Structure formats: structure tokens, C-alpha cells
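Observations on chain architecture
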Amino acid sequence: MGKKMDEAIKKYQEIQEKNLIGGGEKHIERQHSRGKLMVRERIDILVDPGSFNELGSCVGTTSMRMDGRIPDAPCDGAVTGTARVNDRPIMLHASDFTVLGGSTGVQHLMKFARPLEMAAEWGIPLVILLDSSGGRLGYADATIAGIDWQFRIQSLYSGVVPQICVLMGPCIAGGAYIPTLCDFLFMSRVSGTMWLGGPRQTAAATSEKFDSNVGGADYHMQFSGSCDAVEEDDETIIKKTRELLRYLPLSFRDKPPLWEQTDDPGREVAELNKIVPDDFSKTYDMHDVIKQIVDEGDYFEIKDEYAKNIITCFCRFNGQVVGLVANNPKYPGSMLEINSSDKYYRFLQVLDAYNIPLVNLVDTPPVVPGEAEEAKGLIRHMGKITEVYATATIPKISVILRGAYADAGSMIMGGLKSMGTDLIYAWPIAQFAVESSNLDYRKIYDKGIEEDAYESYLNRSREKVDAFGTAHTWTAQIVDEIILPKDTRKRIIEGLQITKKKVEKLPARAKMHGAPPV
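Conventions adopted
Each chain carries its own residue numbering, running from 1 in the direction its sequence is written. Note on the predicted model: pLDDT of at least 70 is required for a residue's local features to be given, and 80 or more for side-chain atom pairs to be given and counted; whole-chain, interface and lining totals, by contrast, use all residues. Neither water nor hydrogens contribute to the side-chain values; these are computed over all heavy atoms in the structure. To qualify as a helix, a DSSP run of H or I must reach at least 4 residues; to qualify as a strand, a run of E must reach at least 2; elements of each kind are numbered from the N terminus. Working definition: with a 1.4 Å probe on protein chains only, accessible area under 20% of the residue-type maximum means buried, over 50% means exposed, and in between means partly exposed. Only the protein chains shown count as cover for residues, with accessible areas throughout obtained via the Shrake-Rupley method and a probe of 1.4 Å. One speaks of a salt bridge when a side-chain nitrogen belonging to Lys or Arg is within 4 Å of a carboxyl oxygen belonging to Asp or Glu. Note that His is not counted, nor are the chain ends; the positive residues are Lys and Arg, and the negative ones are Asp and Glu. What qualifies as a polar contact is a pair of N or O atoms within 3.5 Å, subject to a donor-acceptor requirement within protein and to the restriction that residues adjacent in sequence count only when both atoms come from side chains. Note on aromatic pairs: the rings of Phe, Tyr and Trp (six-membered ring only in Trp) are paired at centre separations within 6.5 Å, and the planes decide the class, stacked below 30 degrees, edge-to-face beyond 60, tilted for the rest. In our convention, an over-ring charge means Lys NZ or Arg CZ found within 6 Å of a ring centre and within 35 degrees of that ring's normal. Whether a set of points on the 1 Å grid over the protein atoms alone is a cavity depends on a 1.4 Å probe fitting there but being unable to get out, while an open set qualifies as a pocket with protein on both sides within 12 Å along at least five of seven lines; lining residues are those with an atom within 4 Å of a point. Grid points are joined across faces, edges and corners, and a volume is the space filled by probe spheres set on the points. Exposure above 30% relative accessible area and the lack of any salt bridge qualify a residue for a patch; like charges then connect within 9 Å, and the nonpolar side chains Val, Leu, Ile, Met, Phe, Trp and Tyr within 5 Å. A fitted line through C-alpha atoms serves as each axis, taken over the contacting stretch for helices, and the angle formed by two N-to-C directions is quoted from 0 to 180°. Angle categories are assigned with fixed cut-offs, so that under 35 degrees is roughly parallel, over 145 is roughly antiparallel, 65 to 115 is roughly perpendicular, and the rest are oblique. Crossings are sorted by hand: turned counterclockwise from the far helix by less than a right angle, the near helix makes the crossing left-handed, and turned clockwise it makes it right-handed. The contact rule is simple, with two residues in contact once any of their heavy atoms fall within 4.5 Å. Under the grouping applied here, Gly and all other residues not named as nonpolar or charged are polar, the nonpolar ones being Ala, Val, Leu, Ile, Met, Phe, Trp, Tyr, Cys and Pro and the charged ones Asp, Glu, Lys and Arg. Any two strands are treated as partners once DSSP identifies two or more bridges connecting them. Each residue carries a pLDDT value, the predictor's own confidence for that position, ranging from 0 to 100. For a helix, the expected span equals 1.5 Å multiplied by the residue count minus one. Comment: arc refers to directions from the helix axis out to C-beta atoms.

Within the protein chain, the secondary structure is distributed over 19 helices and 16 strands. Counting every position in the protein chain, which comprises 518 residues, the buried fraction comes to 52%. For the protein chain, the accessible surface area stands at approximately 23900 Å², while carbon and sulfur atoms represent 54% of it.

The full count for this structure, using the stated rule, is 28 salt bridges. For Glu232, the salt bridge is made with Arg189, and the minimal N-O distance between the two is 2.8 Å. Residue Glu232 is found in the loop between β7 (229-231) and α9 (234-245), and its partner Arg189 is found in the loop between β6 (184-188) and α7 (199-206); the two are separated by 43 residues along the sequence. Judged by relative accessible area, Glu232 falls into the partly exposed class, the value being 46%. In this structure, Asp342 engages Lys384 in a salt bridge whose closest nitrogen and oxygen atoms are separated by 2.9 Å. With Asp342 in helix α12 (residues 338-353) and Lys384 in helix α14 (residues 378-391), the pair connects residues that are 42 residues apart, well separated along the chain. For Asp342, a relative accessible area of 24% translates into the label partly exposed. Linked by salt bridges that have partners in common, Asp263, Arg267, Asp295, Arg316 and Arg489 make up one network.

Mapped onto the elements of the fold, Glu373 is located in helix α13 (residues 371-375). No salt bridge is formed by the buried Glu373; the nearest opposite charge belongs to Lys376, separated by 4.1 Å. Of note is the side chain of Glu373, whose polar atom sits 3.1 Å from the backbone nitrogen of Ile338.

The next point concerns the packing of aromatic side chains. All chains considered together, the criterion is met by eight aromatic pairs. For the ring pair Tyr219 and Phe223, a centre distance of 5.6 Å and an interplane angle of 45° mean the geometry is tilted. Three or more aromatic residues link up through ring pairs in this structure, and these residues are Phe184, Phe186, Tyr247, Trp259, Phe300, Phe314 and Phe347. Note that Lys36 overlies the ring of Phe97, its terminal NZ or CZ placed 4.3 Å from the centroid.

This part is about empty space enclosed by the protein. Counted by the stated rule, this structure contains four cavities of 30 Å³ or more. Quantified by volume, the largest cavity comes out at close to 120 Å³. For the largest cavity, the lining is made up of 15 residues, of which Thr104, Leu130, Ser132, Gly175 and Ile178 are closest to its centre. Of all the secondary-structure elements, those providing two or more residues to the lining of the largest cavity are α4 (106-122) and β4 (126-130).

This part covers a nonpolar patch on the surface. A grouping of Val106, Met110 and Trp149 is seen on the molecular surface, where their side chains present a nonpolar patch of about 220 Å² in accessible area. If you trace the backbone, Val106 turns up in helix α4. Relative accessible area serves as the criterion here: at 30%, Val106 is assigned to the partly exposed category.

This part takes up the environment of Asn339. Of note, Asn339 is situated in helix α12. A relative accessible area of 32% means that Asn339 is categorised as partly exposed. For the pair Asn339 and Ile310, spaced 29 residues apart in sequence, the C-alpha to C-alpha distance is 9.5 Å.

The next point concerns the packing of α12 against α14. Between α12 and α14, the shortest axis-to-axis distance is 9 Å and the interhelical angle comes to 20°. The orientation of α12 relative to α14 falls into the category roughly parallel. For the pair α12 and α14, the crossing hand works out as left-handed. For the pair formed by α12 and α14, the contact residues are Ile338, Ser341, Asp342, Tyr344, Tyr345, Leu348, Gln349 and Asp352 on the first element and Leu378, His381, Met382, Lys384, Ile385, Val388, Tyr389 and Thr391 on the second. Split into classes, the residues belonging to the contact of α12 with α14 amount to nine nonpolar, four polar and three charged.

Looking now at the sheet that holds strand β5 (residues 163-167). Across the sheet, which stays open at both edges, the seven strands sit in the order β1-β2-β3-β4-β5-β6-β7 with mixed pairing between neighbours. Each edge of the sheet is formed by a strand with only one pairing partner; in this case those strands are β1 (53-55) and β7. Direction aside, the axes of adjacent strands within the sheet are offset by 20° on average. Here β4 runs beside β5; their pairing, made up of five bridges, is parallel. Directly across from Val127, in β5, lies its bridge partner Ile164.

Right, let's talk about the confidence of the model for the protein chain for a bit. Taken residue by residue, the protein chain gives an average pLDDT of 86. The fraction at 70 or more is 85%. pLDDT under 50 marks residues 441-445. Its contacts with residues more than four places away, or in other chains, come to 11 contacts. Under a pLDDT of 50 for its full length, residues 456-461 has, in the predicted model, nine contacts with residues more than four places off or in other chains.

With that settled, the discussion passes to unusual backbone geometry. Positive phi values are uncommon outside glycine, yet Asp87 reaches one of about 65°. Mapped onto the fold, Asp87 is located in the loop between β2 (78-85) and β3 (88-95).

This paragraph deals with α9. The terminal C-alpha atoms of α9 lie 17 Å apart, and with 12 residues this matches the ideal 16 Å at 1.5 Å per residue to within 8%. If you check which residues of α9 are buried, you get Asp234, Ile237, Ile238, Thr241, Arg242, Leu244 and Leu245. Each buried residue of α9 sits inside an arc of 160° when the element is viewed along its axis, so together they form one side.

Put into C-alpha cells, the structure is as follows:
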């Protein structure tokens, strides 16, 4: 090699060495003291060994301070590149908090937006390891450094390739839209926080002071419902991200990965007779049912601490990935309300976007009645599920274990063929009705109700029709077949195999979306 090449290689090596220490040893020690990992430590945990190929490693900052100085900012605080996870390709963007607090300047922004465009063009997921203080204030960049463009790019490619955000640092103000625009948000309990208006901003603007737990991982899991998974620290939440990627296709053009078939597809599940009581007044935990019927008893739950009356999870049947949605009678009565409706709606959107079949396990009374839920817009929220279920073109299979009442158990959980459900199975003890209550309205309203009204309408709404009554005629459009509990796994697998090549096209639209309730 000549002298010029030697000098160029030396310069390249100096840049790479500087990139490894980011903002310097002092900032690295500070990160570690807070229980946080360094950006490249996080990448090493996420990706298959030796598979990370960095893009933009020689990028520096163009951010100029107001005094005219340009700071030293390796990679402009963002490490990007391609890698493999479980031997499948991904695009990666990771912010480096040791460099200007991981703040977003123009080059940093470009190292997010352009890789997302590339990922969409190539058909591979984008994983975001987010640890950023937000916009780069005090510099001569545009006020928000083009972050609005970032939001638009995320929105344009929503449902095109999976976007997964792993939040392991602060996320404040406009930056909080980044994780919420992703398909999945995972948070580290020790380091992840998210607010639109942080504690200081809120106190300055309104004098309100709120608890330090507000905005943390558990808060967004249990109360706001923004978070999909929480783990104790950076390492465990990143490992959970690796696990999630095993269930997702690379893009909307692909099918989910087929796992090795390790569980007998013809396996009978006699234990279900013991788990599910035939006394409808008794509760049980639907998780116990799921463990018995899915491959190896293994499933990946989404929002496990939010709206516990409904379960949303990924699992496998004979190696095939499905999204499973189930009522859970353990919490309270498995009735649907606003939070569970939102949880179900969001999950079903993701399933339909990425060609993942839906399996429903149904055991639910009607929606939660009452002034409080109605005032919050219960009707709108139930309408959202109705719209997305009816327009989802993926295979949809429902199993009705016990009760399927009113719009909750029929339309929304896939208990009516006319809603687009492909196959509906019912256990022999299943019941169908408009409502589950057995109260005598005459005792409640006394003389405020006419006898003929009670007999012709109010009492009729509580009449229960058993599985054999609904299966007696196919014109009822409810039950395709009554199955024995022990055959539940086997019949789901058969149904998934039969519907694997399902093709359903929605009516032609000028736009690619409808206008569902909000």
C-alpha cells in the first residue's frame, strides 16, 4: 500500500477507536452508575455474535453552538447498522447517551429516518434502542432538528416493517412520539421513562408536582397502557426483544417464521375438563388453558399487566405463529371495557398488518355497563374493535368455551360468522345470549315496568341458548362445529392448516383505510 492509503487507514482506525468510547470515560462511568449499559454493550446483547455491520460510523455532528463552536460528537450520538437476530436480518438504530445526552441533531435524525426508509425498502424490521434527552437545544440546528419528518417516516412505514422501540433512558416531549408510533414499546424498569410533559416542565407550567413513578415503565404498563413489555434492567429487556422477533415476519410481504415442530399436533388435552368449571358462576385463569393447548406451553404475552381481563399473546400451534386473544374470567368476570378494548384493538391491528392469524378463546359476559364507562366513550371503543375485526383479512378462528354474550362474546370476540370469522368451534357447555344477567327486572323497577314489556323483551334478552341449539341450523351463522374440550388444540391446528392460503380482499377504496371510531 502507498502512503495515502496508510494515512487513510490510520484516520479510519482513529475514528473507530473514538466511537468505541463515545462521549468519554467520565460519561461511561455515569451511565454504569445509573444501572444503564453503554450503546455498544446493548447492541452486543441484541444481535447474533459478530453480525453487526455499522453504517454511518464516520458521521460527525454539524450542530453548531450559539457561540459558533462545533462539539466533538462521535457518530453524532447515534449508532446505526444492519445485523442478524436469531439468524434473521434487522436494521438497528441506537442512541448513545454519552454523546450530547443522545440528543437529536440533524445528522442524528438522518441516522434514524434514512435507515427506516432502507429497512422498508429491503423488507426488514427496525429495532430502536432509545436513550435520548430529546431535541438538541442550545444549538443552531432547526429547533426540532427535523424530528417532525421522523414522525412522518414512522407513520408512512407503519405496518410495512415491524418497528420495535426498547426504551432505556428518558423520553420527553415530542420525542415521546417515537416509541408510541412503533408497533411495540419495551421498557427497562431501571432506566426507561416517558412523558409528554416531564416533572420539571409540568411544575414550571402548572405548578403541579407529581410522583416520581409517573412516566416509569410500570406506570406505562399498568396505567397508560403504552408499554408492551417491562423487564428489570437493560439486559433482560433487550433479551426479551430478541424473543419477540422470533414471532414476527420480516415485513408485511412475508409470513411469520415457521418454528420447528416439537409438539404433537394430534395431542389431546384432557386437563381442560379440570381447569374450566362447568359452573358458570366459578372463575378460572385462562392462562392455564393457553399453557395446555399451545406448543410446549410457551407463549409471549403483550401488555400482561394492563387490562388483565383480556389476554393478548403470541404463541405457536404445530410450529405456526398465531396471535391469541382470550377473555380471562379471573379478572373481573372477563368483561370488556375501555382499556381491554384498546388493548385488543391495537393487537389486532398488528396481527392484520403482518399476516399473523388470530385465535380467540371466548368466555365473556357483555361489556361493562354503567355511567362511568359510557361517559369515557365505551361505545366508540367497542366500535373500533368491531371495525378492525370485520376488516381484518387474516385467518380468524374462535373457540367458545362457556359464555358468549351480547356484542362482547359474539361480534367482538369472533362469535358470529357474519363478522368474518372463518371457523367457530364451541364446547358442548357453551351458551349464547344477549345478556348474562339472571336478575328479575320487575324486582328492580317494581311497577315501573309493564308486564308485557318484561315478557316480550326484557326477559327474552336473558334467555340462554346452548351450543346444540345454535349448531342445529347453519343459518344461525354461529357455530361451525361442537368440539370436545380435549380436541381443542387439534381442531385449532386443523383450522390453521385449512385457512393458511386464505385470500380475502376488501371492497375497493380510494384510500387504503376506513374511518373507524377513535
